[in-house]
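Here's the letter readout for the chains.
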Amino acid sequence: MNSAVDLRARLADLLRAALENSIPQAPSVDVVLERPKSADHGDYACNVAMRLAKPLKRNPREIATGIVSALPESEIVRKAEVAGAGFINLYLDPGARQQVVPAILDAGSDYGRLDVGRQEKVQVEFVSANPTGPLHVGHGRGAAFGASLANVLEVAGYDVTREYYVNDAGRQMDILALSTWLRYLEVAGQHPPFPENAYQGDYVREMARAIYQQHAKRYVHAVEEVYCDVPAADVDGEAHLDALIGNAKDALGPDYGYIHDFALTEQLGDCRNDLLEFGVEFDVWYSEKSLFDAGLVATAMEQLDARGHLYQKDGATWFRSTEFGDEKDRVVRRDNGQYTYFASDIAYHVNKLERGVERVIDVWGADHHGYIARVEGALGALGVDAANLTVALVQFAVLYRGGKKVAMSTRSGEFVSLRELRGEVGNDAARFFYVLRKSDQHLDFDLDLAKSQSNDNPVYYIQYAHARCSSVFEKWGGDPDSVGNADCSLLVEQGEVSCLQKLLEFPEIIEAAARDLAPHLVAFYLRELAAAFHSYYNSTPILTDDESQRAARLALVASVRQVLRNGLALLGVSAPDKM
RNA sequence: GCGCCUGUAGCUCAGAUGGAUAGAGUGUCGGUCUCCGAAGCCGAAGGUCGUGGGUUCGACUCCCGCCGGGCGCGCCA
């Protein structure tokens with residue numbers, strides 16, 4: 001990005017120079033500029049004098065005065081003054097602020113692009129829902145957050161890979177395959193009891209019908225065979241399922257793989273389409289099964305064992321995670337010989353970091369927080385630096401309907417799907433709504449409210465500002481590209497200054513959002529920019545008769561529109577020219 | 001019981017490395033379209049920042065205790 005408009009960095013440089021000149025012996029301290037809440041305190045304020053007061057044992061106002069008088073002459077500073085307990089308030093030269101307009105018009109969709117990431121390779125893994133059914137609204141939050149975060153990181157200068165971890169190897173997939181097969185038997189005219197804890201959703205029936213349509217009775221087996229030696233469901237539901245799965249595998253033989261893969265392909269494809277429609281795309285769909293096929297799980301376990309971190313107990317294999325701060329040791333291999341999810345997850349994380357990624361960000365639901373310690377512990381045990389792993393926890397999106405909490409469970413089939421939500425409130429509103437609060441804040445998603453208030457959704461306020469900008473240009477009828485040469489020194493109205501100030505802030509917001517993994521900052525920023533524009537629009541005519549004034553104002557409008565567009569793009573929200 | 005998150009205006013939420021008079025939306029009330037889009041704008045009312053201590057020039061922010069809410073603590077994923 002054009003450093004000429006990075007005024008904050010330039011001001012900080014000036015202050016550092018002044019500090020160096022006025023107090024050469026000062027201890028090194030960060031010179032940070034903040035935006036004062038009140039406009040009476042200038043455009044930027046610095047508290048470095050107050051921070052130095054203690055180590056230097058000097059009056060902060062006295063230090064500040066010294067810095068201000070040593071401030072190098074600069075075209076971007078109109079005034080610098082000492083205020084309050086020792087703040088240094090800086091007032092921008094109007095010309096410096098006006099510079100942002102040509103800078104934005106010049107950079108276009110690249111305005112806001114930074115280099116703070118230095119092209120460091122970052123992988124963001126998100127959603128990663130089991131492909132055992134449609135995505136629900138909880139996944140939607142992870143999807144919206146992860147996608148927006150990845151966009152923010154990318155624009156901040158990171159080399160981002162978006163990854164979806166496909167749990168295609170576990171028991172849940174077997175349960176789905178079993179569920180599909182049982183429904184298939186129903187379609188084929190049989191009446192096997194359908195376990196309560198199998199997947200109940202209608203989509204299972206649909207898959208069953210599709211299989212029956214293609215293959216007729218090829219996979220039919222007698223109910224007695226299916227339920228041979230199966231323990232009662234009401235005694236141990238899980239054992240009941242496991243026995244059924246075992247029988248299904250025995251009965252179907254190689255055909256079991258067909259059912260399994262059919263269900264997997266079907267659900268994963270559905271998931272992918274759903275996300276695609278939601279504006280969420282992935283670079284890598286990483287298969288858990290491939291970890292096993294490549295022997296990576298076994299290798300990771302061998303390495304843990306060789307380093308003395310595994311032991312046997314009760315027929316199972318345990319990882320001594322307590323040595324790494326976990327509350328208790330964890331099983332990596334069950335007494336039936338099956339690896340746990342944890343085992344493949346260890347291999348997966350080792351693999352991620354070995355793929356040349358410098359930093360891994362996992363976006364997880366908050367209910368997985370207890371999982372962090374053991375994964376980090378396992379990485380540490382294998383000599384992999386867990387500091388390269390950041391887990392961004394996204395709190396629950398709790399759904400309300402009719403003022404009551406909606407129970408969500410994929411297995412019971414009682415959930416509101418992401419697709420359903422998108423259909424009700426629209427993709428734009430859904431994407432925006434999801435990132436409108438910080439990730440560690442619980443999200444109360446009131447469906448009735450989201451539906452009934454869809455016209456009041458804050459996203460429309462921002463899109464409306466964008467449409468207004470476009471409409472001004474349409475009304476004007478001139479060539480939008482021609483405003484680039486406008487004389488921006490004419491932008492001196494209060495509303496214009498507020499807009500300029502907000503436009504200048506955009507790169508700062510990107511930087512903060514990337515640093516804090518907080519895409520919600522972008523959403524809040526866009527609201528403020530839209531507000532500044534709406535206010536300006538109502539106070540000042542843009543299409544005036546004065547040609548140069550009109551050109552300057554149009555240039556400002558074009559800049560606002562560009563930044564709204566850039567910001568909305570980060571959040572995956574469209575920027576319509578008409579509404 | 002232990003761990004993570006959380007408590008800010010009637011409601012939903014922002015408050016970056018501790019900074020100046022704690023902000024926005026929504027709701028309520030009052031203004032505002034012979035004029036570029038009223039899905040807008042302008043104004044008013046609305047607060048013991050859960051609570052009690054501590055740290056210091058200064059605490060919504062950091063530390064400790066307590067109270068309330070959510071989640072987790074499986075040979076499930």
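Residues numbered from 1 in each chain as written. Chains lettered and ligands numbered in written order. Predicted model: local features only at pLDDT ≥ 70, side-chain atom pairs only at ≥ 80, totals over all residues. Heavy atoms only, no water.

## Some remarks on the protein's contact with RNA strand B
By nearness alone, 61 residues border RNA strand B, and Phe87, Arg334, His369, Tyr461 and Tyr537 come closest of all. Near the protein, within 4 Å, the atoms of RNA strand B are sugar or phosphate in 60% of cases. Within the contact set of RNA strand B, a base nitrogen lies 2.8 Å away from a side-chain nitrogen or oxygen of asparagine 47. Here asparagine 130 contributes a side-chain N or O atom positioned 2.6 Å from a sugar or linking oxygen of RNA strand B. The dominant element in the surface near RNA strand B, judged by the number of residues it contributes, is helix 21 (residues 520-539), at 8 residues. Of the residues in the surface near RNA strand B, the class split is 21 nonpolar, 18 polar and 22 charged. (Near = heavy atom within 4 Å. Polar contact = N/O pair within 3.5 Å; in protein donor to acceptor, adjacent residues only side chain to side chain. Helix = DSSP H or I, 4+ residues; strand = E, 2+ residues; numbered from the N terminus. Nonpolar A, V, L, I, M, F, W, Y, C, P; charged D, E, K, R; others polar.)

## Some remarks on the nonpolar core
Membership of the largest hydrophobic core comes to 123 residues, with the highest contact counts inside it found for Leu11, Leu15, Ile88, Val127, Leu153, Tyr164 and Tyr434. The element contributing the most residues to this core is helix 22 (residues 547-570), with 11 residues. In this structure, leucine 15 is in contact with Val31, Leu33, Cys46, Ile67, Leu71, Ile88 and Leu90, ignoring residues within four places of it in sequence. Membership of the second largest hydrophobic core comes to 34 residues, among which are Val226, Ala243, Tyr256 and Phe262. (Core = buried A, V, L, I, M, F, W, Y, C linked by side-chain atoms within 4.5 Å. Buried < 20%, exposed > 50% of the residue type's maximum accessible area, 1.4 Å probe, protein only. Contact = heavy atoms within 4.5 Å.)

## Focus on the pattern of salt bridges
The tally for this structure, following the rule as stated, stands at 33 salt bridges. Among the ionic pairs, glutamate 238 bridges to arginine 171, the shortest N-O distance being 2.6 Å. Of this pair, glutamate 238 sits in helix 10 (residues 237-252) while arginine 171 sits in helix 7 (residues 171-187); the two residues are 67 residues apart in sequence, bridging distant segments of the chain. On the accessibility criterion, arginine 171 (22% relative accessible area) is partly exposed. Connected through salt bridges with shared partners, the residues Arg35, Lys502, Glu505, Glu508 and Glu528 form a single ionic network. (Salt bridge = Lys/Arg side-chain N within 4 Å of Asp/Glu carboxyl O.)

## Here we look at the sheet that holds strand 2 (residues 44-46)
Strand order in this open sheet of 4 strands is 1-2-4-3, and the pairing throughout is antiparallel. The open sheet is flanked by strand 1 (33-34) and strand 3 (77-83), the only strands paired with a single partner. As judged from the 6 bridges shared by strand 3 and strand 4 (residues 87-92), these two strands associate in the antiparallel manner. The residue bridging valine 77 from the neighbouring strand is leucine 92, located in strand 4. On the sheet, helix 1 (residues 7-22) packs against strand 1, strand 2, strand 3 and strand 4 and is oriented at approximately 130° with respect to strand 4. (Pairing = 2+ DSSP bridges. Axes fitted to C-alpha atoms, helices over the stretch in contact; angles between N-to-C directions.)

## Details of the confidence of the model for chain A
Looking at chain A as a whole, its pLDDT mean stands at 89, while 95% of the residues score no less than 70. Complex prediction metrics read pTM 0.93 and ipTM 0.94. (pLDDT = per-residue confidence, 0-100.)

## Some words on the sheet that holds strand 12 (residues 389-394)
Across the sheet, 5 strands lie side by side as 7-6-5-11-12; this open sheet has parallel pairing. Lying at the two open borders of the sheet, with one neighbouring strand each, are strand 7 (284-287) and strand 12. Strand-to-strand twist in this sheet, taken as the mean axis angle between neighbours without regard to direction, amounts to 25°. In the sheet, strand 5 (residues 121-125) pairs with strand 11 (residues 359-365) via 4 bridges, with the strands oriented parallel.

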